[in-house]
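# Residue-level structural notes
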Amino acid sequence: MKKTILKTALITLGSVIFALAAVFGVMALFFPGALADVFDKAGDYSFSVAMYERQYNADKSLESLKNLVIKLDEEKNAEKTDKYSTIFVDDSGYSDYVAENGVDLFGSVELSNEYFFGKCVISKVNGGGFDKALTYTEKYLETFGYTEFNPARLTISQKINSLSAENKTALKDYLEDYRSSHTLSADETARINGDISLLG
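Residues numbered from 1 in each chain as written. Predicted model: local features only at pLDDT ≥ 70, side-chain atom pairs only at ≥ 80, totals over all residues. Heavy atoms only, no water.

## Brief notes about the overall build of the chain
When you go through the chain residue by residue, the secondary structure sums to 11 helices and 0 strands. From first element to last, N terminus to C terminus, the chain shows the α and β order α-α-α-α-α-α-α-α-α-α-α. For the chain, the proportion of its 200 residues judged to be buried stands at 38%. (Helix = DSSP H or I, 4+ residues; strand = E, 2+ residues; numbered from the N terminus. Buried < 20%, exposed > 50% of the residue type's maximum accessible area, 1.4 Å probe, protein only.)

## Section: the side chain of T155
Take T155: it is sitting in helix α9 (residues 151–159). Contact partners of T155, with chain neighbours within four places excluded, come to V121, I122, V125, F130, I160, L163 and L171. (Contact = heavy atoms within 4.5 Å.)

## So, the nonpolar core
F88 and L175 are the most contacted members of the largest nonpolar core, which totals 39 residues. The leading source of residues in this core is helix α8 (residues 130–144), at 6 residues. Setting aside residues up to four positions removed in sequence, L175 forms contacts with L141, Y146, A152, I156, I192, I196 and L199. (Core = buried A, V, L, I, M, F, W, Y, C linked by side-chain atoms within 4.5 Å.)

## What to know about the packing of helix α7 (residues 109–126) against α9
Packing of α7 against α9 leaves a shortest axis separation of 9 Å and a crossing angle of 50°. Compared by their axis directions, α7 and α9 come out oblique. The crossing of α7 and α9 is right-handed. Taken together, the residues of α9 that come into contact with α7 (itself represented by E114, F117, G118, V121, I122, V125 and N126) are P151, L154, T155, Q158 and K159. Across the contact of α7 with α9, the residue classes break down as 6 nonpolar, 4 polar and 2 charged. (Axes fitted to C-alpha atoms, helices over the stretch in contact; angles between N-to-C directions. Parallel < 35°, antiparallel > 145°, perpendicular 65-115°, else oblique. Left-handed = near helix turned anticlockwise from the far one by under 90°. Nonpolar A, V, L, I, M, F, W, Y, C, P; charged D, E, K, R; others polar.)

## Brief notes about the packing of aromatic side chains
Describing an aromatic ring pair means giving the distance of the ring centres and the angle of the ring planes. Under the definition given, this model contains 14 aromatic pairs. Ring centres of F117 and F144 lie 5.9 Å apart, and the angle between their planes is 65°; on these two criteria the pair is classed as edge-to-face. Placement of F117 in helix α7 and of F144 in helix α8 is noted, with a sequence separation of 27 residues between them. On the basis of relative accessible area, F117 is assigned to the buried category, the value being 2%. Accessibility expressed as a relative area gives 29% for F144, which makes it partly exposed. Here the aromatic rings of Y140 and F144 are separated by 4.9 Å at their centres, their planes lie at 45°, and the arrangement is tilted. Of this pair, Y140 and F144 both sit in helix α8, 4 residues apart, roughly one helical turn. Judged by its relative accessible area of 0%, Y140 falls in the buried class. The ring of Y136 carries K124 above its face, with NZ or CZ at 4.6 Å from the centroid. (Phe/Tyr/Trp six-rings, centres within 6.5 Å; stacked < 30°, edge-to-face > 60°. Lys NZ or Arg CZ within 6 Å of the ring centre and 35° of its normal.)

## Let's talk about the confidence of the model for the chain
Model confidence for the chain is summarised by a mean pLDDT of 87, while 78% of its residues fall at 70 or above. Here residues 18–31 scores under 50 on pLDDT; set against residues more than four positions off or in separate chains, the count is 12 contacts. (pLDDT = per-residue confidence, 0-100.)

## Considerations on helix α5 (residues 78–90)
The first and last C-alpha atoms of α5 sit 18 Å apart over 13 residues, in line with the 18 Å expected at 1.5 Å per residue. Buried within α5 we find A78, T81, Y84, S85, T86, F88 and V89. (Expected span 1.5 Å × (residues − 1).)

Printed below as a string of structure tokens:
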């Protein structure tokens with residue numbers, strides 16, 4: 001009798017485990033975005049990133065790409081953050097997407113642009129691609145101006161101690177050129193003057 005009960009329990013347990021594995025497999029294959037959300041909320045960074053990446057590679061939508069870029073950590077995973085954030089900000093639909101969704105994402109269109117370009121630039125700095133970081137800093141400033149949390153300011157505030165003397169000089173020279181060749185508001189002038197002074 002006990003053996004029959006034990007056998008039945010083991011068969012039931014095995015069936016439940018098999019069913020859960022099957023559901024997990026189907027979700028990973030056909031609904032990776034939903035699975036990513038579950039593991040994201042559970043705090044599993046690596047698996048949620050893998051599922052967000054799979055979702056983007058499956059549908060190539062800006063929505064999926066945005067989810068992946070937001071989840072990626074530019075400190076832990078600079079190379080992958082660089083890759084996908086660059087694809088995002090370079091996409092022809094990026095500006096329209098942020099114009100439509102920026103307020104919902106980070107409270108304003110300006111803050112959303114600062115966030116995505118900032119992530120793109122910082123990931124390049126972390127990965128050793130300072131020239132490319134400077135290129136995307138320029139792309140941001142030429143498009144949006146010297147805003148409060150622009151990529152140049154993020155680079156200075158977050159990475160000034162890890163920048164080489166050569167990179168500091170390159171950033172300073174660029175900012176000085178930018179200041180002299182653009183008409184800036186009083187706030188922008190105060191910001192850029194303070195930032196240039198920090199670069200030595």
